[in-house]
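# Inside the fold
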Amino acid sequence: MNTPDLDLSRREFAAGALTTVVTASAPRARAAQAATPGSAAGAAPQMTVALQVNGRSHELTLDLRTTLLDALREHLRLTGTKKGCDHGHCGACTVHVNGTRINSCLSLAVMHQGDNVTTIEGLGTPDKLHPMQAAFIKHDAYQCGYCTSGQICSAVALAAEVNKGVPSHVTADLTAPMKLDNAELRERMSGNICRCGAYSNIAEAVSEASGAIE
C-alpha cells in the first residue's frame with residue numbers, strides 16, 4: 001500500500017526528531033538557567049553570618065556555599081590562613097573554632113553562626129609573639145612558610161589537647177597521665193603537611209613550646 005504522507009527520507013526523519021527534542025527540552029533548559037546561582041535570571045541564596053574572629057565581632061552576608069576559609073581570606077582579608085589543597089588533606093587552612101582545631105576549607109561559614117574563631121593573626125603579634133610562634137622562629141621550623149600558620153595553629157591546639165588528657169590513636173595507656181612523646185607529637189601533627197620537609201625542626205619547636213602553653 002502506497003502512503004505518500006509517510007514516505008519520508010532518513011534525513012527528513014532525523015531532522016524532524018531533532019526538532020522535537022530541542023522543542024521539548026527548551027522549557028527545562030530555561031528553568032535550569034533560572035536556578036543557576038549567579039545567572040541573570042536567578043541569584044545565589046545568601047545568609048548573614050555573625051562570627052567572633054580573633055576577639056572582634058563580624059557580620060557577613062555570604063553565599064551559602066562559602067567555606068569558612070574563603071570567608072576569612074576573601075571577606076575579612078585574614079590571609080594568614082592559607083588555601084592549600086582545598087580538600088582537607090594538607091592542614092594549611094587550620095584554625096581554631098571554639099577552641100578546637102578544624103580544617104576551615106571543609107567547613108561552610110554558615111555552620112558557624114555565633115562561633116568564636118581564632119586564626120594565626122589572633123595568636124600573637126610581631127611585638128608579642130605567642131610561645132609557639134617564638135619557638136618556630138627559634139628552631140627555624142619553616143622554609144617557604146606557606147604551611148607555617150596551619151602548623152602553628154595545630155601545635156597550639158595539640159598542647160591544649162594534651163593538657164586536657166585527650167587521647168590520640170597512638171596513646172598506649174588511657175589511664176596514665178598524658179605525655180607528649182615523639183610518637184604522640186608526630187601522630188597529632190600528622191594532618192599538617194610541610195612540603196619543604198622541615199619536620200624535625202617543627203617537632204623540636206612543638207616539644208619546647210608545648211610546656212609553656214596552658
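The coordinates are above.
In this report, the structure presented in the accompanying data block is examined. (Residues numbered from 1 in each chain as written. Predicted model: local features only at pLDDT ≥ 70, side-chain atom pairs only at ≥ 80, totals over all residues. Heavy atoms only, no water.)

### Side note on the overall build of the protein
As a reminder, the rule being used: Every helix listed is a DSSP run of H or I at least four residues long, and every strand listed is a run of E at least two residues long, numbered separately from the N terminus. Methods summary: accessible areas were calculated by the Shrake-Rupley approach with a probe of 1.4 Å, and residue burial reflects only the protein chains presented.
For the protein, the count of helices and strands is 7 helices and 5 strands. Along the protein, from the amino end to the carboxyl end, the secondary structure elements read α-β-β-α-β-β-β-α-α-α-α-α. A total accessible area of about 12900 Å² is found for the protein, and carbon and sulfur atoms account for 54% of it.

### A short note on the nonpolar core
Filter applied, for reference: We define a nonpolar core as any set of buried Ala, Val, Leu, Ile, Met, Phe, Trp, Tyr and Cys residues linked to one another through side-chain atoms lying within 4.5 Å. Burial status follows relative accessibility: with a 1.4 Å probe on protein chains alone, a residue under 20% of its type maximum counts as buried, one over 50% as exposed, and anything between as partly exposed. Throughout, a residue-residue contact means that at least one pair of heavy atoms, one from each residue, lies within 4.5 Å.
Membership of the largest hydrophobic core comes to 23 residues, with the highest contact counts inside it found for Leu123, Met132, Phe136, Ile152, Met189, Ile202 and Val206. The set of elements that each furnish at least two residues to this core consists of helix H3 (120-123), helix H4 (131-138), helix H5 (148-164) and helix H7 (199-210). Residue contributions to this core peak at 6 residues, all from H5. Those residues within four positions of Phe136 in sequence are excluded, and the remaining contacts are Ala141, Tyr142, Thr148, Gln151, Ile152, Ile202, Ala205 and Val206. Ranked by size, the runner-up nonpolar core spans 14 residues in total, among them Val49, Leu72, Leu76 and Val95.

### Some remarks on the layout of surface pockets
The cut-off we apply is this: Grid points spaced at 1 Å over the protein atoms alone were grouped into cavities, where a 1.4 Å probe fits but cannot get out, and pockets, open sets with protein on both sides within 12 Å along at least five of seven lines, with lining residues defined by an atom within 4 Å of a point. Grid points are joined across faces, edges and corners, and a volume is the space filled by probe spheres set on the points. Throughout this entry, Asp, Glu, Lys and Arg are counted as charged residues, while Ala, Val, Leu, Ile, Met, Phe, Trp, Tyr, Cys and Pro are counted as nonpolar. The remaining residues, Gly among them, count as polar.
Its boundaries defined by the atoms lining it, the largest pocket holds a volume of some 160 Å³. Around the largest pocket, the lining residues are Gly80, Ile120, Gln133, Phe136, Ile137, Tyr142, Thr148, Ser149 and Ile152. Classifying every residue of the lining of the largest pocket by side-chain character gives 5 nonpolar, 4 polar and no charged.

### Observations regarding the environment of Glu184
The criterion, for reference: Polar contact is defined as a pair of N or O atoms within 3.5 Å, subject to the rule that within protein one atom must be able to donate a hydrogen and the other to accept it, and that residues adjacent in sequence are counted only when both atoms are side-chain atoms.
Note that Glu184 resides in helix H6 (residues 182-188). Separated by 26 residues in sequence, Glu184 and Leu158 place their C-alpha atoms 9.7 Å apart. The contacts of Glu184, once residues within four sequence positions are left out, are Ser168, Val170, Thr171, Met178 and Lys179. Within the local environment of Glu184, its side chain forms a polar contact with the side chain of Ser168, the two groups lying 2.8 Å apart.

### What to know about the packing of H5 against H7
Basically, it comes down to this: Under this scheme, a helix contributes an axis fitted over its contacting stretch, all axes are lines through C-alpha atoms, and angles between N-to-C directions fall in the 0 to 180 degree range. Roughly parallel means an angle under 35 degrees; roughly antiparallel, over 145; roughly perpendicular, 65 to 115; everything else is oblique. Left-handed describes a crossing in which the near helix is turned anticlockwise from the far one by less than a right angle; the clockwise case is right-handed.
One way to put it is that H5 packs onto H7 with a least axis distance of 10 Å and a crossing angle of 40°. Overall, the two elements H5 and H7 adopt an arrangement that is oblique. Judged by the twist between their axes, the crossing of H5 over H7 is right-handed. For the pair H5 and H7, the contacting residues are Gln151, Ala155, Leu158 and Ala159 in the first and Ile202, Val206 and Ser210 in the second.

### Points about the pattern of salt bridges
We apply this condition: We define a salt bridge as a contact between a side-chain nitrogen of Lys or Arg and a carboxyl oxygen of Asp or Glu at a distance within 4 Å.
Enumeration according to the criterion identifies 8 salt bridges in this entry. For Lys83, the salt bridge is made with Asp70, and the minimal N-O distance between the two is 2.9 Å. Taken together, the positions of Lys83 in the loop between helix H2 (68-75) and strand S3 (94-97) and Asp70 in helix H2 put the pair 13 residues apart, joining distant regions of the chain. The partner of Arg188 in a salt bridge is Glu184, and the shortest N-O contact between them spans 2.9 Å.

### Focus: the pairing of S3
Condition: Pairing between strands requires that DSSP locate at least two bridges from one strand to the other.
Here S3 shows two buried faces, one formed by Thr94 and His96 and the other by Val95 and Val97. Inspection of the sheet shows S3 paired to strand S4 (residues 100-103) by 4 bridges, in the antiparallel sense. Residue pairing for S4: Thr94 is matched across the bridge by Asn103. Hairpin connection from S3 to S4: 2 residues lie between these consecutive antiparallel strands, with Asn98 at a positive phi of about 55°.

### Overview of the side chain of His112
For His112, the location among the structural elements is in the loop between S4 and strand S5 (116-118). According to the relative accessible area criterion, His112 is buried, its value standing at 8%. One polar contact links His112 to Asp115, side chain to side chain, over a distance of 2.9 Å. Here His112 is in contact with Ala50, Leu51, Leu68, Val97, Ile102 and Ser107, once residues within four sequence places are set aside.

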